[in-house]
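Next come the chains, spelled out residue by residue.
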Amino acid sequence: MKAARDWSVRHAKGLHKLYEVLAWTLHLFDPVLRRIGYERLDKPFARVEGLIKGFLFDSQSCGQCTLGSTGMACPMNCPKTLRNGPCGGVRQNGGCEIKPEMTCVWVKAWEGSQQMGEAENGLQVIQLPVDTRLKGHSSWLEALKARRETSA
């Protein structure tokens, strides 16, 4: 998993563009998806999303994906599950305070954000606390619902 996660951070710009194409495509099909019903689609979407994002990003399927804001590095891989930046224990070599053999997720997020050309922009967005009720649900559908609500 570490190799795929590192690859994803190195290729964050291209993956982010692919992610935007997926979001646009889902938005295009939103009327059909709404007709079928988000509740009915949630489990199959969550399975597909879990497989893809689990492999590429070691995603923890929190249901509130922030990959686009965190350089394609899943902050839920942080042993402390910090979603708004590193703790004060990042080692000088970039290692995690809790798991010294692991590079801090936020060091990876910074690297990925630089690849995307958004080093400061995405990382400065304050993320809401994790809503554990959404764990295992599709964040793609959640984002689609949120996009529809903000454009209404």
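A look at helix H4 (residues 38-57)
- For H4, with 20 residues, the first-to-last C-alpha span of 24 Å runs short of the 28 Å given by 1.5 Å per residue.
- In H4, a bend of some 30 degrees at Pro44 exceeds every other bend along the element.
- Contact partners of the buried residues in H4: helix H1 (2-10), helix H2 (12-28), helix H3 (30-36) and helix H6 (139-151).
- Just beyond H4, the residue with positive phi is Asp58, at close to 55 degrees.

Examining the environment of Ser138
- Tracing the sequence through the fold places Ser138 in the loop between helix H5 (105-116) and H6.
- Of the residues examined, Ser138 reaches a relative accessible area of 0% and is grouped as buried.
- The spacing of Ser138 and His16 is 122 residues in sequence and 18 Å in space, taken between C-alpha atoms.
- Sequence-distant contacts of Ser138, that is, excluding residues within four places in its chain, are made with Asp42, Phe45, Ala46 and Glu49.
- At 2.7 Å, the side chain of Ser138 forms a polar contact with the side chain of Glu49.

Points about the nonpolar core
- Membership of the largest hydrophobic core is limited to 10 residues, which are Ala12, Leu15, Leu56, Phe57, Cys62, Leu67, Met72, Cys74, Met76 and Met116.
- Ignoring any residue separated from it by four or fewer positions in sequence, one finds Met72 in contact with Ser8, Val9, Ala12, Leu15, His16, Tyr19, Phe57, Leu67 and Met116.
- Of all hydrophobic cores here, the second largest spans 9 residues; its members include Cys96, Met102, Val105 and Trp106.

Details of the pattern of salt bridges
- Per the counting criterion, the structure on display carries 9 salt bridges.
- In this structure, the salt-bridge partner of Asp6 is Lys108, at a minimum N-O distance of 3.3 Å. In this pair, Asp6 sits in helix H1 while Lys108 sits in helix H5, placing the two residues 102 residues apart along the sequence. Lys108 carries the same exposure label as Asp6, and that label is buried.
- The residue Asp131 makes a salt bridge to Arg133 at a minimum N-O spacing of 2.8 Å.

Analysis parameters
Residues numbered from 1 in each chain as written. Predicted model: local features only at pLDDT ≥ 70, side-chain atom pairs only at ≥ 80, totals over all residues. Heavy atoms only, no water. Helix = DSSP H or I, 4+ residues; strand = E, 2+ residues; numbered from the N terminus. Expected span 1.5 Å × (residues − 1). Bend = angle between axes of the 7 residues up to and from the residue. Contact = heavy atoms within 4.5 Å. Buried < 20%, exposed > 50% of the residue type's maximum accessible area, 1.4 Å probe, protein only. Polar contact = N/O pair within 3.5 Å; in protein donor to acceptor, adjacent residues only side chain to side chain. Core = buried A, V, L, I, M, F, W, Y, C linked by side-chain atoms within 4.5 Å. Salt bridge = Lys/Arg side-chain N within 4 Å of Asp/Glu carboxyl O.

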